[in-house]
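Now for the letters of each chain:
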Amino acid sequence: MFYNIKVQKVTQETPETVSVTLEIPANLKEHFKYKQGQYLTFKQSINAEELRRSYSLSSSPIADENLQVAIKQVEGGKFSTWANSELKEGDVLETMTPAGNFFTEISEGQKKKYVLFGAGSGVTPLLSIIKTILAVEKESEVVLVYGNRDNANIIFNNQLNQLVGSSNGRFKRIDVLSRENNADPLFNGRIGKEKCIEIDLKHEKILDANEFFLCGPESMIMDIKGWLEASNIAKGNIHFELFTTPVASAEKTVDPNAKIMSKVTVIMDDEEFEFDLSSKGDSILDASVDAGIDVPYSCKGAVCCTCKAKVIEGSARMEMNYALDDKEVADGYVLTCQAHPTSEKCVVDYDVI
Ligand code: FES
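Parameters and conventions
Residues numbered from 1 in each chain as written. Predicted model: local features only at pLDDT ≥ 70, side-chain atom pairs only at ≥ 80, totals over all residues. Helix = DSSP H or I, 4+ residues; strand = E, 2+ residues; numbered from the N terminus. Rg over C-alpha atoms; globule rule 2.2 N^0.38 Å. Core = buried A, V, L, I, M, F, W, Y, C linked by C-beta atoms within 7 Å. Buried ≥ 20, exposed ≤ 12 C-beta atoms within 10 Å, placed from the backbone. Domains from an automatic or database assignment. Contact = placed C-beta atoms within 7 Å. Nonpolar A, V, L, I, M, F, W, Y, C, P; charged D, E, K, R; others polar. Pairing = 2+ DSSP bridges. Axes fitted to C-alpha atoms, helices over the stretch in contact; angles between N-to-C directions. Arc of directions from axis to C-beta. Right-handed = clockwise from strand over helix to strand, strands pointing away. pLDDT = per-residue confidence, 0-100.

**Things to note about the overall build of the protein chain**
Point 1. When you go through the protein chain residue by residue, the secondary structure sums to seven helices and 18 strands.
Point 2. Relative to the compact-globule value of 20 Å for 353 residues, the protein chain shows a C-alpha radius of gyration of 21 Å, a close match.
Point 3. Over its C-alpha atoms, taken along the principal directions, the protein chain stretches across nearly 65 × 50 × 40 Å.

**Topic: the nonpolar core**
Point 1. Counting residues in each nonpolar core, the largest one holds 86 residues, and the members touching the most others are Leu116, Leu126, Ile130, Val142, Leu144, Val145 and Leu335.
Point 2. Examining the composition of this core, we find that seven residues originate from one element, helix H2 (residues 123-136), more than from any other.

**Quick word on the domain arrangement of the protein chain**
Point 1. Domain assignment breaks the protein chain into domain 1 (3-95), domain 2 (113-242) and domain 3 (261-349).
Point 2. If you look at the interface, domain 1 gives 17 residues, while domain 2 gives 15 residues.
Point 3. Looking at the side of domain 1 that touches domain 2 residue by residue, the classes come out as six nonpolar, eight polar and three charged.

**Things to note about the sheet that holds strand S18 (residues 345-349)**
Point 1. One open sheet accounts for five strands, arranged S13-S12-S18-S14-S16; its pairing is mixed. Only two strands of the sheet have a single partner each, and these edge strands are strand S13 (271-278) and strand S16 (333-335). On average, each strand axis in the sheet is inclined to that of its neighbour by 35°, with strand direction left out of account.
Point 2. Bridging between strand S14 (residues 308-313) and S18 involves three bridges; their strand directions are antiparallel. Along S18, the bridge assignment pairs valine 311 with valine 348.

**Here we look at the environment of glycine 332**
Point 1. You can see glycine 332 is positioned in the loop between helix H7 (326-330) and S16.
Point 2. Residues glycine 332 and valine 142 lie 190 residues apart in sequence; the distance between their C-alpha atoms is 34 Å.
Point 3. Those residues within four positions of glycine 332 in sequence are excluded, and the remaining contacts are Lys310, Val311 and Ile312.

**Looking at the sheet that holds strand S1 (residues 3-14)**
Point 1. One open sheet accounts for six strands, arranged S4-S3-S6-S1-S2-S5; its pairing is antiparallel. Each end of this open sheet is capped by a strand with a single partner; those strands are strand S4 (49-56) and strand S5 (67-72). Looking at each pair of strands side by side, their axes are set apart by 40° on average, direction ignored.
Point 2. Relative to S5, strand S2 (residues 17-23) runs antiparallel, the two sharing six bridges. Bridge pairing in S5 places valine 20 opposite valine 69.
Point 3. Those strands touched by helix H1 (residues 78-85) are S2, strand S3 (39-46), S4 and S5, and its axis lies near 90° from that of S3.

**A few points about H1**
Point 1. Taken together, the buried positions of H1 are occupied by Phe79, Ser80 and Ala83. Down the axis of H1, the smallest arc covering the buried residues is 95°, so these residues share one side.
Point 2. The inward-facing, buried residues of H1 contact S2, S3, S4 and S5.

**Some words on the pairing of strand S7 (residues 113-119)**
Point 1. Taken across its seven residues, S7 has six buried, putting it largely inside the fold.
Point 2. In the sheet, S7 pairs with strand S8 (residues 141-148) via seven bridges, with the strands oriented parallel. Each residue of the ladder has a partner; that of valine 115, found in S8, is valine 143.
Point 3. At this point the chain moves from S7, through H2, to the parallel S8, and the crossover so formed is right-handed.
Point 4. With five bridges joining them, S7 and strand S10 (residues 211-216) adopt parallel strand pairing. By the bridge assignment, leucine 116 is partnered in S10 with phenylalanine 213.

**Focus on unusual backbone geometry**
Point 1. In this structure, asparagine 47 is a non-glycine residue whose phi angle is positive, near 50°.
Point 2. Look at alanine 302: it is not a glycine, yet its phi comes out positive at around 75°.
Point 3. Position of alanine 302 among the secondary structure elements: in the loop between helix H6 (284-290) and S14.

**Some points on the pairing of strand S9 (residues 171-177)**
Regular strands show a simple pattern: their side chains alternate between the two faces of the sheet.
Point 1. Note: S8 against S9, seven bridges, orientation parallel. Looking across to S9, one finds that valine 143 is bridged to lysine 172.
Point 2. The handedness of the S8 to S9 crossover, carried by helix H3 (residues 157-165), is right-handed.

**Quick look at the confidence of the model for the protein chain**
Any region with low pLDDT has predicted coordinates that should not be read closely.
Point 1. Taken as a whole, the protein chain shows an average pLDDT of 92; of its residues, 95% reach a score of 70 or greater.
Point 2. At the level of individual helices and strands, the protein chain shows its lowest average pLDDT in H7, which scores 90, and its highest in H2, which scores 98.
Point 3. Every residue in residues 246-254 is under pLDDT 50, and counting partners more than four places away or in other chains gives 14 contacts.

Shown next, in the form of structure tokens:
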């Protein structure tokens, strides 16, 4: 469900990125409660085309009063170009309530070390996480390894510097620039496994951290994640969020030979809808939209998790999954944008989240 939310402020963060502060009305505050690292999905009609896009919150539920997202203009990006050139204070954005799994529980009295890896606008949810940890866990430390093209394009540069300054040494940032030379070559280039090994050996211990957060392009995430896993870091302590739909490692899990005609029941907002769907046809999400059901979605690319639902009877298989963890999959959750029924009766419940 989308709510009309007023834009309180649009701030130019870098030449290509704006942050958008939202004014949540008092009667919706409860609905818009969120965890550090979550995102919002917006719906906007641009040139008569309905677009849905998700953007991470940079604000902290503890340290900040208002919700704020960052929107980086991407080449050819219709929504991001519109937001960077036309969106202004006082406009109204159709907004879904916060969602996403890119967080861990933060609690007072907990003493941990967190290492965060971000590239470009991937820093957005990381900023939310950093502010929340520093505000709540007074003895925890945070290290941010942050990759950018050059200084001019470092999103939230000042805010991060202020956080370093006020953290009593609990927050460190390590900048790596790909198109600007630093005297020390350790800080030149791109963030990947090799760079992290070097940083771990020569500058700041990385592998002794309790939890890791990665947000950026797929190549960076997979490279560093592979290194962390090979270094015996438990999978459950490595949290990652992809920017866009992955292309390189699309792991197709649908059995291409299976063809079943299934009777699908969709439960949404306590209502039941039914339609027939072939296991080799549309995804459950697309078929639901065609059937006129107001199901939630955003990326349609296995990344954002907005379309999550639970298969409560029968079975379904996903083509790709970059958003649900192993436990959620074992519990029967699917990304409906990727899910196809594999049983003659398949009941999918969007209300059980
Ligand atoms: S709509 Fe984003 S994961 Fe399905």
